[in-house]
Amino acid sequence: MNYAQMRSMDISNGEGIGVSLFVQGCDFHCKNCFNSETWDFSKGQEWNEKTKNQFLKLVEKPFIQRVSILGGEPLHPENVQNVLKIVDEIRVSYPTKNIWLYTGYTWEQIMYPIVTNDLNLERDYIIKIRKELVSKCDVLIDGRYVDELRDVSLHWRGSSNQRVINVQETLKQNKIILWES
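Residues numbered from 1 in each chain as written. Predicted model: local features only at pLDDT ≥ 70, side-chain atom pairs only at ≥ 80, totals over all residues. Heavy atoms only, no water.

Trainee: A description of the pattern of salt bridges should follow, citing residues and the corresponding values.
Mentor: As enumerated under the stated definition, the model contains 13 salt bridges in all. When the shortest N-O distance is used, the salt bridge between Glu148 and Lys31 registers 3.4 Å. Linking Glu148 in the loop between β6 (139-142) and β7 (163-166) with Lys31 in the loop between β2 (18-23) and β3 (45-46), this pair joins segments that are 117 residues apart in sequence. The two residues Glu148 and Lys31 agree in class, both being exposed. For Arg123, the salt bridge goes to Asp118, with nearest N and O atoms at 3.1 Å. By relative accessible area, which is 22% here, Arg123 ends up partly exposed. Shared partners join several salt bridges into a network, and the residues in it are Glu49, Lys52 and Glu89. (Salt bridge = Lys/Arg side-chain N within 4 Å of Asp/Glu carboxyl O. Helix = DSSP H or I, 4+ residues; strand = E, 2+ residues; numbered from the N terminus. Buried < 20%, exposed > 50% of the residue type's maximum accessible area, 1.4 Å probe, protein only.)

This is how it looks when you write it as structure tokens:
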């Protein structure tokens, strides 16, 4: 996995003071994406043990309330396994930090994907990892950016089709519960 950027003091990609990791690579290519420089999987910098430790040093600061992971596309097959490892490490080392995940996939596409009866172990593994990753987050901002639905008055998202989902309540109640600030 490559990453595009780490932000050490981010107040725009979630509630409260946070740090953000922008992963590199996205196939959605939304019209007028605010972060189109993250589309190319071969660009950015290599995510390795050193950069992971740098990121976790940012997360550990006591005034950091939130970790946001966005991109690019964190749930893309080239990124999802490493993103899950990061989330797992944050959950163990900093269990009180809120984790926000931004994705172009919808909740329904992640949790209830349409699959055929054919045997496709790689696809099925990615589906499993995506579900596991999302279930460990606090907030999911789902859906692709749609330029025709752009709304600058919305908190934490760019277009009105996107939702800010309270993951844990949604899982408990088995219906979409939006995040309330």
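Trainee: I'd love a proper account of the pairing of β2, names of residues and values included.
Mentor: Burial analysis of β2 places six of its six residues in the buried class, the great majority of the element. Sheet topology note: the strand β1 (residues 2-10)/β2 ladder contains five bridges and is antiparallel. If you follow Asp10 over to β2, its bridge partner there is Gly18. Summarising the sheet, β2 and strand β4 (residues 66-70) pair through five bridges and their orientation is parallel. (Pairing = 2+ DSSP bridges.)

Trainee: Residues and numbers for the packing of helix α2 (residues 80-93) against helix α4 (residues 121-135), please.
Mentor: Viewed as axis vectors pointing N to C, α2 and α4 meet at an angle of 30°, and their least axial separation amounts to 10 Å. On the basis of the axis angle, α2 is roughly parallel to α4. When the axes of α2 and α4 are compared, the crossing they make is left-handed. Between α2 and α4, the residues in contact are Val80, Gln81, Val83, Leu84 and Val87 and Tyr125, Ile126, Ile129, Arg130, Glu132 and Leu133, respectively. For the contact of α2 with α4, the class distribution of residues is eight nonpolar, one polar and two charged. (Axes fitted to C-alpha atoms, helices over the stretch in contact; angles between N-to-C directions. Parallel < 35°, antiparallel > 145°, perpendicular 65-115°, else oblique. Left-handed = near helix turned anticlockwise from the far one by under 90°. Contact = heavy atoms within 4.5 Å. Nonpolar A, V, L, I, M, F, W, Y, C, P; charged D, E, K, R; others polar.)

Trainee: Mind laying out α2, listing which residues take part and the relevant values?
Mentor: Between its terminal C-alpha atoms α2 stretches 20 Å, which fits the 20 Å expected from 14 residues at 1.5 Å a residue. Packed against the buried residues of α2 are β2, α1 (49-59), β4, β5 (98-102) and α4. (Expected span 1.5 Å × (residues − 1).)

Trainee: Account for the packing of α1 against α2, naming residues and giving values.
Mentor: Following both chains from N to C, one finds α1 and α2 inclined at 40°, their axes separated by 12 Å at the closest point. For the element pair α1 / α2, the angle class is oblique. In this structure, α1 crosses over α2, and the sense of that crossing is right-handed. Of α2, the residues touching α1 (which contributes Lys52, Phe55 and Leu56) are Ile86, Glu89 and Ile90. Looking at the contact of α1 with α2, its residues break down into four nonpolar, no polar and two charged.

Any link to function would need more than the numbers given here.
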